[in-house]
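# Fold and geometry: a report
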Amino acid sequence: MKIMFTPMKYCTYWTTIMLLAIIMVGCDTKTNEKSEAATDSVVVEQPSQPDLNSDQSELLDTILGSADDNEQTVLRGVAFGDPVAKVKAAETFEMFEETPDHLGYTHETSRLETIDVQYFFDKDKKVNRITVDVYLNSPEATKQLWRAGKSYYTESQGAPKEEPKKIFWNGKSVRVNMEDVSEGKDYGLKFQFYPANKNVLAAN
């Protein structure tokens, strides 16, 4: 049996084919738009990373503590020969350690840098040595604090003696050592303060 298409049926047939094609294209376009919209919604611009480091000159000021008119003051309002009670009264950092021969204090900055200060006492319970360990976030911060410390102590104690990663000042009343103790991904500086001579301790 042979099927015959009349002109009317022929037009209806092609009209149906065209409508189906248009519907399929429209569906495909909507699917692509949804896919693109979904893709666009996933792409979120990453926030810029905040600066890891404090201003190192300001950090040095934090380490040094408030200014004191007493010329004998070594650090943070404390002088060699000061008794335990005066250290406790002067220090504003949080105490983390107390033993018969030393007191330890710590402070964390908003950039998660850490400053540990330890005051050591002689047999008469008077300060005879101070150490400061500063834990930093990057090599650049270490270099900046080194430069700030070098500038400050050279101005106050005179010309230093330098070795690789170490620097020394021998002032009239205090001897200051500064050392870069960075190792691997651990960055930081160590400061050590000693009386320049026995007379400094005797003065208090």
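Residue numbers run consecutively from 1 along every chain, following the written order of its sequence. At least 70 in pLDDT is required for a residue's local features to be given in this predicted model, at least 80 for side-chain atom pairs to be given and counted, and no such filter applies to totals for whole chains, interfaces and linings, which use all residues. Side-chain metrics in this entry use all non-hydrogen atoms of the structure; hydrogen atoms and water are not considered.

## A word on the packing of helix 2 (residues 56-64) against helix 4 (residues 139-157)
Packed helices, taken two at a time, are described by the angle between their axes plus the distance between the axes. A fitted line through C-alpha atoms represents every axis, and for helices the fit uses only the stretch in contact; the resulting angles, taken between N-to-C directions, go from 0 to 180 degrees. Put simply, DSSP marks the helices as runs of H or I at least four residues long and the strands as runs of E at least two long, and each gets a number from the N terminus on. At a minimum axis separation of 9 Å, helix 2 and helix 4 run at an interaxial angle of 60°. Our classification of the angle between helix 2 and helix 4 gives oblique. Handedness of the helix 2/helix 4 crossing: right-handed. Only Ala141, Gln144, Leu145, Ala148, Gly149, Tyr152 and Tyr153 of helix 4 make contact with helix 2, whose side of the interface consists of Gln56, Ser57, Leu59, Leu60, Ile63 and Leu64. Note on angle classes: values under 35 degrees are labelled roughly parallel, values over 145 roughly antiparallel, values of 65 to 115 roughly perpendicular, and the remainder oblique. Each crossing gets its hand from how the near helix is turned against the far one by less than a right angle, where anticlockwise is left-handed and clockwise is right-handed. Any two residues whose heavy atoms approach within 4.5 Å are treated as being in contact.

## Digging into the confidence of the model for the protein
A low pLDDT means the predicted coordinates there should not be read in detail. Predicted confidence across the protein gives a mean pLDDT of 81, with 70% of residues reaching 70 or more. For every residue, the predictor assigns a confidence score, pLDDT, that lies between 0 and 100. Low pLDDT, under 50, characterises residues 1-11; the stretch is placed with zero contacts to residues that sit more than four places away or in other chains. Scored below 50 in pLDDT, residues 33-50 makes one contact in the model with residues more than four places away or belonging to other chains.

## Here we look at the side chain of Asp82
Within the secondary structure, Asp82 is located in the loop between strand 2 (78-79) and helix 3 (84-90). Any N or O atom pair separated by 3.5 Å or less is treated as a polar contact, with the protein-specific requirement of one donor-capable and one acceptor-capable atom, and with residues adjacent in sequence counted only for side-chain atom pairs. For Asp82, the side chain forms a polar contact with the main-chain nitrogen of Ala79, separated by 2.7 Å.

## Overview of the pairing of strand 5 (residues 114-121)
Buried residues dominate strand 5, accounting for eight of its eight residues. Each residue is placed in one exposure class: buried if its accessible area under a 1.4 Å probe, protein chains only, is under 20% of its type's maximum, exposed if it is over 50%, and partly exposed if it falls in between. Along strand 5, one buried face is formed by Thr114, Asp116, Gln118 and Phe120 and the opposite face, lined by Ile115, Val117, Tyr119 and Phe121, is buried too. Summarising the sheet, strand 4 (residues 102-108) and strand 5 pair through seven bridges and their orientation is antiparallel. Directly across from Thr106, in strand 5, lies its bridge partner Asp116. Paired strands, as defined in this entry, are two strands with at least two bridges between them according to DSSP. Taking the residues that link successive antiparallel strands as the turn, the strand 4-strand 5 hairpin has five residues, and the phi of Leu112 there is positive, at about 65°. Relative to strand 6 (residues 127-136), strand 5 runs antiparallel, the two being bridged by eight bridges. Note on strand 6: the bridge partner recorded for Phe121 is Val127. What sits between strand 5 and strand 6 in their antiparallel hairpin is a turn of five residues, with Lys125 showing a positive phi close to 65°.

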